[in-house]
Amino acid sequence: MLNANAESLREKATALSNALYLESPLVLGFAIQLLWLFILFFQASFYFDNLHAIDKPHYLLLTLAFLIAFPATCFAVGYYREKVTAQLRKKSVHFLTGLCGTIGMLCASCIVLSAGQAPFALALAGTVLASVACAPSTLLWGEAARRRDQSILAIATILSLLLAFAFILVMAYLTEVSSASITVVACLCPLFSVVFVYKAQHDNESYFKPQEFVVLPDGTKRAKEGKAWVETFHNLRISKRAFALRLGKSALPFGIVYGSFLLEGYRSLLWKAPLTQDFPFETICPLIAILLFTGLFFWPFRSDDGSYASHRLVPFFLVFLLFSCSQSFFDAGNPNYACVALLALASVAFWLYPAELTTRYRVSSMITFGFFNGFLTIGLLAVFVLNVFVPLETIPYLPVTLVRLALLLLGYVSLVTNDQMREIATLASPQAEELAHKSGEKPHRAHFSERCHLVADTFLLSQRELEILCLLAKGRNAAYVQKELVISEGTVRTHMRNIYRKLDVHSQQELMDLVDTVGRRPTGPAR
């Protein structure tokens, strides 16, 4: 028995190590993206607090430029997803995004490089350009996250956070980092992020290799699958406005909590705390502990049952928040090292939640991550504006903790539910029917794949459930599904139970009849 368990653990460890080896571009590239976001958000604070290269009004303007330009671009990319996606498929647009980010970071750093002599307008324009370039780059990482298994994505996210934090510690404590060195890192982040996200999106195909093409039977030529970024998922038709408002109800309070942790972490841990021999270890230990807990927590929940793993993490977040409050009571006046752990826990949860939304409801990642990150950044903006008038460090920790708890609970009860997503999808149906009527489209019997998609849209099936539904509707058995999709027998059975429950059928024949019946009604225009 023990030998069998040991062999099973070895197999799981080998599979995990192989998966992480294949996902190394995702881990390293996302860490670079996080570092880029950190530098963009805190560059003005660094110049103001440490180098005194800018005064307070200019510091406020630089920070506001990022906190306004970044969410505005996220909202624009999410709302105009179809047009943006058509452009982001091109490698040249990937490169242009990274180049704009590099130029923007260089212009934004001109003040510190010139010891405050460069025109402030150039730094302001550079910050806006870098923020506009950073938004689609971040959403591209959301698209890469959509293509991963949730358990692998959770582990990759945790490793990325550890790497990003290690980069920040190197800049903050371990070396005498000059302003020129920080500028070089800031300028290289956009280019490396674009190269790695392209590699992570295209089956680990190198950014620098030429694309391969195939010739179809009709003579047309298209990029080979895996060599170019194409939409490989059938997206659920939704009302973007209703979805944005619903997502904002949870993302906005989460953003306020996250912003307060960012400010506390920057001021008490990363740049202003005295450098002592034990400080890095006191900071890293709670960080590693919380990320290890998160990894062990997410690994058993592979979302096979259709549940949200990130939802289950919120109660633990509340417990750790109370622990953070107690530490500041008993150790007043010293840096709150638990804040770093809370910041890491929040980062994992707030990144995986939109990824789970995307996978579960087959909503475009550009829409989900665009709207969620946009509202999350608006929460950061609210905290920053409030901090200008009432500095966070002047407020007693107890009321701050109580406000954080209230906002977390508000965001938790506002998370998107099945009924709300069904309503959001329903709101899009009249629009589709109106477009079909205007285009003169006549009712017709849909093709098999369209009928499966209609069933998936009606009953809110996940992407994996849609794939299994298409095979079951063809009469395939569980063994065939297991072999075709390269998943375990238990996973197949779990998905089949979820599909039967959502469709309210009790046999494969009833499922096949349902798909056949749905296909007899009129369909909307092709997407």
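Definitions and cut-offs
- Counting from 1, residues in each chain are numbered in the order their sequence is written.
- It should be noted that, the model being predicted, local features are given only for residues of pLDDT at least 70 and side-chain atom pairs only at 80 or more, the latter also being counted only at that level, while totals for whole chains, interfaces and linings use all residues.
- Working from all heavy atoms in the structure, the side-chain values ignore hydrogens and water.
- Strands here are runs of E lasting at least two residues and helices are runs of H or I lasting at least four, both read from the DSSP assignment and numbered beginning at the N terminus.
- Throughout, exposure labels follow a simple rule: accessible area from a 1.4 Å probe, protein chains only, divided by the maximum for the residue type, with under 20% read as buried, over 50% as exposed, and the rest as partly exposed.
- Every residue pair with non-hydrogen atoms within 4.5 Å of one another is taken to be in contact.
- Shrake-Rupley sampling with a 1.4 Å probe provides the accessible areas, and residues are treated as covered by the protein chains on show and by no other component.
- Each pair of aromatic rings taken from Phe, Tyr and Trp, with Trp reduced to its six-membered ring, is defined by centres within 6.5 Å and is described as stacked if the planes are under 30 degrees apart, edge-to-face if over 60, and tilted in the remaining cases.
- Each cavity reported here is a set of points on a 1 Å grid over the protein atoms alone in which a 1.4 Å probe fits but cannot get out, each pocket an open set with protein on both sides within 12 Å along at least five of seven lines, and each lining residue one with an atom within 4 Å of a point.
- Grid points are joined across faces, edges and corners, and a volume is the space filled by probe spheres set on the points.
- All residues other than Ala, Val, Leu, Ile, Met, Phe, Trp, Tyr, Cys, Pro, Asp, Glu, Lys and Arg, Gly among them, are scored as polar; the first ten of these are nonpolar and the last four charged.
- Each residue carries a pLDDT score, the predictor's own confidence in it, on a scale running from 0 to 100.
- Each axis is a line fitted through C-alpha atoms, taken for helices only over the stretch in contact, and angles between the N-to-C directions span 0 to 180 degrees.
- Roughly parallel means an angle under 35 degrees; roughly antiparallel, over 145; roughly perpendicular, 65 to 115; everything else is oblique.
- Put simply, a crossing is left-handed when the front helix is turned counterclockwise from the back one by less than a right angle, and right-handed when it is turned clockwise.
- For patch building, the residue pool is restricted to those with more than 30% relative accessible area and no salt bridge; the joining distance is 9 Å between like charges and 5 Å between nonpolar side chains (Val, Leu, Ile, Met, Phe, Trp, Tyr).
- Note on definitions: salt bridges are taken to be side-chain nitrogens of Lys or Arg within 4 Å of carboxyl oxygens of Asp or Glu.

1. Overview of the overall build of the protein chain
Thought 1: Along the backbone of the protein chain there are 21 helices and two strands.
Thought 2: Burial analysis of the protein chain (527 residues in total) assigns 53% to the buried set.
Thought 3: The contacts of the protein chain with a sequence gap of at least 6 include a subset with a gap of at least 24, amounting to 80%.
Thought 4: Surface exposure of the protein chain reaches about 24,100 Å², of which carbon and sulfur atoms provide 65%.

2. Some words on the packing of aromatic side chains
Thought 1: Under the definition given, this model contains 14 aromatic pairs.
Thought 2: Ring geometry for Phe254 versus Phe350: centroids 4.9 Å apart, planes at 25°, classification stacked. Here Phe254 is found in helix α10 (residues 240-270), whereas its partner Phe350 is found in helix α13 (residues 338-361), with 96 residues between them in sequence. The pair Phe254 / Phe350 is uniform in exposure class, with both members buried.
Thought 3: For the pair Trp351 and Phe369, a centre-to-centre distance of 4.8 Å together with 50° between the ring planes defines the contact as tilted.

3. Brief notes about empty space enclosed by the protein
Thought 1: Scanning all chains against the criterion turns up six cavities of 30 Å³ or more.
Thought 2: Approximately 770 Å³ is the volume found for the largest cavity.
Thought 3: Forming the boundary of the largest cavity are 37 residues, of which Leu34, Leu37, Tyr258, Leu262 and Ser347 lie nearest the centre.
Thought 4: Mapped by element, the contributors of at least two residues to the lining of the largest cavity are α2 (24-51), α3 (56-79), α8 (150-174), α10, α13 and α14 (365-389).
Thought 5: Across the lining of the largest cavity, the residue classes break down as 30 nonpolar, seven polar and no charged.

4. Section: the confidence of the model for the protein chain
Thought 1: Mean pLDDT over the protein chain: 75, with 67% of residues reaching 70 or higher.
Thought 2: By mean pLDDT, strand β2 (residues 221-223) is the weakest element of the protein chain at 52, and α14 is the strongest at 93.
Thought 3: The low-confidence segment residues 301-306 (pLDDT under 50) makes 16 contacts with residues lying over four places distant or belonging to another chain.
Thought 4: The model gives residues 430-444 a pLDDT under 50, and that stretch makes 14 contacts with residues more than four places away or in other chains.

5. What about the packing of helix α7 (residues 120-146) against α14?
Thought 1: The geometry of α7 relative to α14 is characterised by a closest axis approach of 9 Å and an angle of 130° between their N-to-C directions. Of the possible angle classes, the one that applies to α7 and α14 is oblique. The chirality of how α7 crosses α14 is right-handed. For the pair formed by α7 and α14, the contact residues are Thr138, Leu139, Leu140, Gly142, Glu143 and Arg146 on the first element and Ser365, Met366, Phe369, Gly370 and Asn373 on the second.

6. Focus: a nonpolar patch on the surface
Thought 1: Together, Phe95, Leu96, Leu99, Ile103 and Leu129 make up an exposed nonpolar region whose accessible area comes to about 410 Å².
Thought 2: Tallying contributions element by element places helix α5 (residues 91-108) first for the nonpolar patch, with four residues.
Thought 3: In this fold, Phe95 is placed in helix α5.
Thought 4: On the accessibility criterion, Phe95 (43% relative accessible area) is partly exposed.

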